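# Architecture at a glance
This is what each chain is made of:
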Amino acid sequence: MKYFFISVLILALSCDDAENTPELIDKLRAIGVEADQGSYTYSTTEAPVTATLTFYLASNDTSDLVVQELSLDDEEQLSLSEPVVTFDDKTDFRIYFITVTAQIPTEDLLEFDDNGEAVIAYALGVSQGSEEERIKGRVKVYQPGVSVAKPSIAITSPLDGGEAGGGLVNLTAELSAEYDENYRISWFVSSGVILKRRAIETEWEDMASGTRTILVTARGLSSGNFTYNIIEANIL
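The following paragraphs examine the structure supplied in this document.

### Notes on the sheet that holds strand S5 (residues 50-59)
Strand order in this open sheet of 4 strands is S3-S5-S8-S7, and the pairing throughout is antiparallel. Here the strands that pair on one side only, and so sit at the sheet edges, are strand S3 (29-35) and strand S7 (84-89). Ignoring strand direction, the axes of neighbouring strands in this sheet form an average angle of 25°. Relative to strand S8 (residues 94-103), S5 runs antiparallel, the two being bridged by 10 bridges. Residue pairing for S8: Ala 51 is matched across the bridge by Ala 102.

### Structural notes on the nonpolar core
Phe 55 and Leu 57 are the most contacted members of the largest nonpolar core, which totals 29 residues. Every element with two or more residues in this core is listed here: S3, S5, S8, strand S9 (117-128) and strand S10 (131-142). The biggest single contributor to this core is S9, with 5 residues. Non-local contacts of Phe 55, meaning those with residues more than four positions away in its chain, are made with Gly 32, Val 33, Tyr 96, Phe 97, Ile 98, Val 100, Tyr 122, Leu 124 and Ile 135. Within the second largest apolar cluster, 18 residues are counted, among which are Ile 155, Leu 171, Trp 187 and Ile 194.

Conventions and cut-offs
- Residues numbered from 1 in each chain as written.
- Predicted model: local features only at pLDDT ≥ 70, side-chain atom pairs only at ≥ 80, totals over all residues.
- Heavy atoms only, no water.
- Pairing = 2+ DSSP bridges.
- Helix = DSSP H or I, 4+ residues; strand = E, 2+ residues; numbered from the N terminus.
- Axes fitted to C-alpha atoms, helices over the stretch in contact; angles between N-to-C directions.
- Core = buried A, V, L, I, M, F, W, Y, C linked by side-chain atoms within 4.5 Å.
- Buried < 20%, exposed > 50% of the residue type's maximum accessible area, 1.4 Å probe, protein only.
- Contact = heavy atoms within 4.5 Å.

Here it is, written out as structure tokens:
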């Protein structure tokens, strides 16, 4: 599988818990963080290296977000640029994109392990009215010469723009990746119950009919690679 380089910690409710309900987009939800490249090396005086990070959030509210960089205790972290916020409105909820840039430190400021890899943290706080998400992650930095490609995920059932029978809908996604690791799958919807929200093939029931928005994400458990796909289908 292809491996990414971001390890993200997002405090969120799991829909595989005791209530066994999906994580509904019924308030502000942090979805994940993606970077513009699959791998980075450290900066040098002659060749500074800049990473671009995009934070993804979803909400059923369309009001403005308040975004601020957070300070972490006893942990070296990236200095993030002023965030740029854009969005994409879907039928059921809005996807927010918060983009920042950060310069990767020089080699002397990083601690490399025996595998020649180092990590440096970042943290962002995002609020919308009374709702708040605190997103902490780490960028992995490699020795020169390492090239890492990104993964991708696509919802294959139902089809984007297609129809699906009401009552019980099959949800299936296909992950394309090269790095051999386990991925954490997460499905997000605005109504109903997803029976196994962490499975790449699962079932969705008790949803509202009409055009519905369906979101799936995948994150590598060891690499932190993140990818997502969002579609809209007509539920009969």
